[in-house]
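Spelled out, the chains give:
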Amino acid sequence: MVRTLHSESTYTYPWSACVQAYFLRYPNPQASHVLTVDVIDRRIEERPSSHAHGMPSLVLCTTRLLLKKGSLPSWAPKNIIEHSTSWVLEDSEVDLTPRHDNAPRVMSIWTRNLDHTSVMAITEGLKFEETSTAPAPLTRCEAAADVRSEISFKLLRGRIEKFGLKRYISHLDTSRDGLIWTIRRLLHLQNALPEILPTRRQRLLNAMRPPFLDGYPLSPWQWTKKKWAKLRERFRSVSEPTPMEDQRM
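For every chain, the first residue of its written sequence is number 1, and the numbers climb from 1 along that sequence. Restriction of local features to residues with pLDDT of at least 70 applies here, the model being predicted, together with a cutoff of 80 or more for giving and counting side-chain atom pairs; totals for whole chains, interfaces and linings are based on all residues. Excluding hydrogens and water, the side-chain values take into account all heavy atoms of the structure.

*Asks:* When you look at the overall build of the protein in this model, what are you seeing that I'm missing?
*Replies:* Broken down by element type, the protein carries five helices and seven strands. Counting from the N terminus, the helices are the DSSP runs of H or I reaching at least four residues and the strands are the DSSP runs of E reaching at least two. Helices (α) and strands (β) of the protein occur, in sequence order from the N terminus, as β-α-β-β-β-β-β-β-α-α-α-α. Contacts are residue-level and defined by heavy atoms, with any inter-residue pair within 4.5 Å sufficient. Restricting the contact set of the protein to residue pairs at least 6 apart, pairs at least 24 apart contribute 62%. Only carbon and sulfur atoms are counted for the fraction: they give 57% of the accessible area of the protein, which is about 17600 Å². Accessibility throughout is a Shrake-Rupley quantity obtained with a 1.4 Å probe, and a residue counts as covered only by protein chains that appear here.

Next up, the structure:
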């Protein structure tokens, strides 16, 4: 008997932030079972428009290979699988251009395990859909999973499928928490980016620096100037009064 599940949820973040975070969500504190993530193919495809004279749309197609670790329950027969790790193939498509019929942009993901399929095969489909009906931008997420086993013993096959579905349901919350954690980290970095980026003067000086000087040590004048700047900053920090001293004065 094949076990299936369908669930819906909403993220209180823009669709573009959810898409970016999905590709960058590993590693995160909620996904210690994900060992490696590799992009094996990425391309941009043109899709014909549904209208006769419409412009074609652009879609980002990505294929990734993930290595995950897991374990079977204690009641499962020993040596039923060779190793505890499993390769997972992930295919995704992201709308890069708005649709001509004003339809929301969508990111679609399909994942399936490549080994241990005779014991338990899990196929998952995800869809992140752009939503603009609310005052704040939201993202609607739909998830569907299919869990099946090909073990000949019917009783054992049913228990394994039930276990796989239960474990998938438990991972829905951790997967959501991991994505939200990544979104917040990206938003924090974007807010701090102006302070991290070099100033216009620094970019101009770096652009005017001759290439043959790259990798060479600083000249005596540059070394002295750098040391003097550090001493001046240290002197300013020492000479500036603290808030307690200001109150006393």
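*Asks:* What should I look at first to understand the sheet that holds strand E7 (residues 138-148) in this one?
*Replies:* Within a sheet, adjacent strands bond to each other through the backbone by hydrogen bonds, running parallel or antiparallel. At least two DSSP bridges between two strands are needed for those strands to be called paired. If you trace the seven strands from one edge of the open sheet to the other, you get E1-E7-E6-E5-E4-E3-E2, paired in antiparallel fashion. Of all strands in the sheet, those with a lone pairing partner are strand E1 (3-11) and strand E2 (34-47), marking the two edges. Averaged over all pairs of adjacent strands, the angle between strand axes in this sheet comes to 15°, irrespective of strand direction. Here, axes are lines fitted to C-alpha atoms. For helices the fit covers the stretch in contact, and angles between N-to-C directions go from 0 to 180 degrees.

*Asks:* Can you help me understand the packing of aromatic side chains in this one?
*Replies:* When two rings of Phe, Tyr or Trp (its six-membered ring) have centres within 6.5 Å they constitute a pair, described as stacked for plane angles under 30 degrees, edge-to-face for angles over 60, and tilted for the intermediate range. Per the stated rule, a full pass over the model turns up four aromatic pairs. With 6.0 Å between their ring centres and 45° between their planes, tyrosine 11 and phenylalanine 128 make a pair best called tilted. You can see tyrosine 11 sitting in strand E1 and its partner phenylalanine 128 sitting in strand E6 (residues 121-131), a full 117 residues away along the chain. With respect to class, tyrosine 11 is no different from phenylalanine 128; both count as buried. Members of the aromatic cluster, each reached through a chain of ring pairs, are Tyr11, Tyr22, Phe23 and Phe128. A ring is considered to have a charge above it if a Lys NZ or an Arg CZ atom is located within 6 Å of its centre and within 35 degrees of its normal. Between the NZ or CZ atom of arginine 42 and the centre of the ring of phenylalanine 23, over which it lies, the distance is 5.1 Å. Looking at arginine 159, its charged tip hangs above the ring of tryptophan 75, at a distance of 4.1 Å from the centre. With a 1.4 Å probe rolled over the protein chains alone, any residue whose accessible area is under 20% of its type maximum counts as buried; one over 50% counts as exposed, and the rest are partly exposed.

*Asks:* Explanation requested: the environment of histidine 83 in the structure shown.
*Replies:* Mapped onto the fold, histidine 83 is located in the loop between strand E3 (57-69) and strand E4 (85-95). Judged by relative accessible area, which is 35%, histidine 83 ranks as partly exposed. Distance in space between the C-alpha atoms of histidine 83 and glycine 70 is 9.2 Å, their sequence separation being 13 residues. Discounting residues that sit within four places of it in the chain, histidine 83 has contacts with Asp115 and His116. There is a polar contact of 2.9 Å between the side chain of histidine 83 and the backbone oxygen of threonine 85. Within 3.5 Å is the distance limit for a polar contact, defined as a pair of N or O atoms, with the added protein rule that one can donate a hydrogen and the other accept it, and that residues adjacent in sequence qualify only through two side-chain atoms.

*Asks:* Explanation requested: the side chain of threonine 182 in the structure shown.
*Replies:* Among the structural elements, threonine 182 can be located in helix H2 (residues 154-196). Judged by relative accessible area, threonine 182 falls into the buried class, the value being 3%.

*Asks:* Quick question: what am I supposed to make of a positive patch on the surface here?
*Replies:* Within the patch definition used here, like charges are joined within 9 Å and nonpolar side chains (Val, Leu, Ile, Met, Phe, Trp, Tyr) within 5 Å, considering only residues with over 30% relative accessible area and no salt bridge. Salt bridges are counted wherever a side-chain nitrogen of Lys or Arg sits within 4 Å of a carboxyl oxygen of Asp or Glu. For the charge count, each Lys or Arg is scored as positive and each Asp or Glu as negative, with His and the chain ends excluded. Taken as the charge location is NZ of Lys, CZ of Arg, CG of Asp or CD of Glu. Together, Lys226, Lys227, Lys230 and Arg234 make up a positively charged patch on the protein surface. Within the secondary structure layout, lysine 227 lies in helix H4 (residues 220-239). A relative accessible area of 40% places lysine 227 in the partly exposed class.

*Asks:* So what exactly am I meant to see when it comes to unusual backbone geometry here?
*Replies:* Trans is the prevailing form of peptide bonds, just as negative phi is the prevailing case for residues other than glycine. For the bond running from tyrosine 26 to proline 27, omega is 0°, close enough to zero to count as cis. Turning to its location among the elements, proline 27 is positioned in the loop between helix H1 (15-23) and E2. A positive phi is found at histidine 116, a non-glycine position, where the angle reads about 60°.

*Asks:* I'm lost on the nonpolar core in this one. Help?
*Replies:* The nonpolar side chains of a soluble globular protein tend to be buried, and buried together. Judged by nonpolar contacts, the single largest core of 23 residues is most densely connected at Tyr11, Tyr22, Val94, Met107, Phe128, Leu179 and Ile183. Mapped by element, the contributors of at least two residues to this core are H1, strand E5 (106-113), E6, E7 and H2. Counting residues per element, this core draws most heavily on H1, at seven residues. Setting aside anything within four residues of it in sequence, one finds valine 94 in contact with Trp15, Val19, Phe23, Leu58, Val59, Leu60, Val106 and Met107. If you look at the next biggest cluster of nonpolar residues, it comprises seven residues, including Val119, Met120, Ile151 and Ile160. Here, the term nonpolar core denotes a set of buried Ala, Val, Leu, Ile, Met, Phe, Trp, Tyr and Cys residues that are joined through side-chain atoms within 4.5 Å.

*Asks:* Is there a simple way to explain the layout of surface pockets in this structure?
*Replies:* Take a probe with the size of a water molecule and roll it over the atoms, and the empty space left behind shows itself. Here a cavity is any set of points on a 1 Å grid over the protein atoms alone where a 1.4 Å probe fits but cannot get out, and a pocket is any open set with protein on both sides within 12 Å along at least 5 of 7 lines; a residue lines the site when it has an atom within 4 Å of a point. Grid points are joined across faces, edges and corners, and a volume is the space filled by probe spheres set on the points. Its volume calculated, the largest pocket comes out at about 1100 Å³. If you go around the largest pocket, you meet 44 residues; those closest to its centre are His33, Lys68, Glu124, Tyr168 and His171. At the level of elements, E1, E3, E4, E5, E6, E7 and H2 are the ones that each hand at least two residues to the lining of the largest pocket. Among the elements that make up the lining of the largest pocket, the one with the highest residue count is H2 (11 residues).

*Asks:* For this particular structure, what's the right way to read the environment of valine 19?
*Replies:* Along the chain, valine 19 turns up in helix H1. Beyond its immediate stretch of four places on either side in the chain, valine 19 contacts Val94 and Met107.

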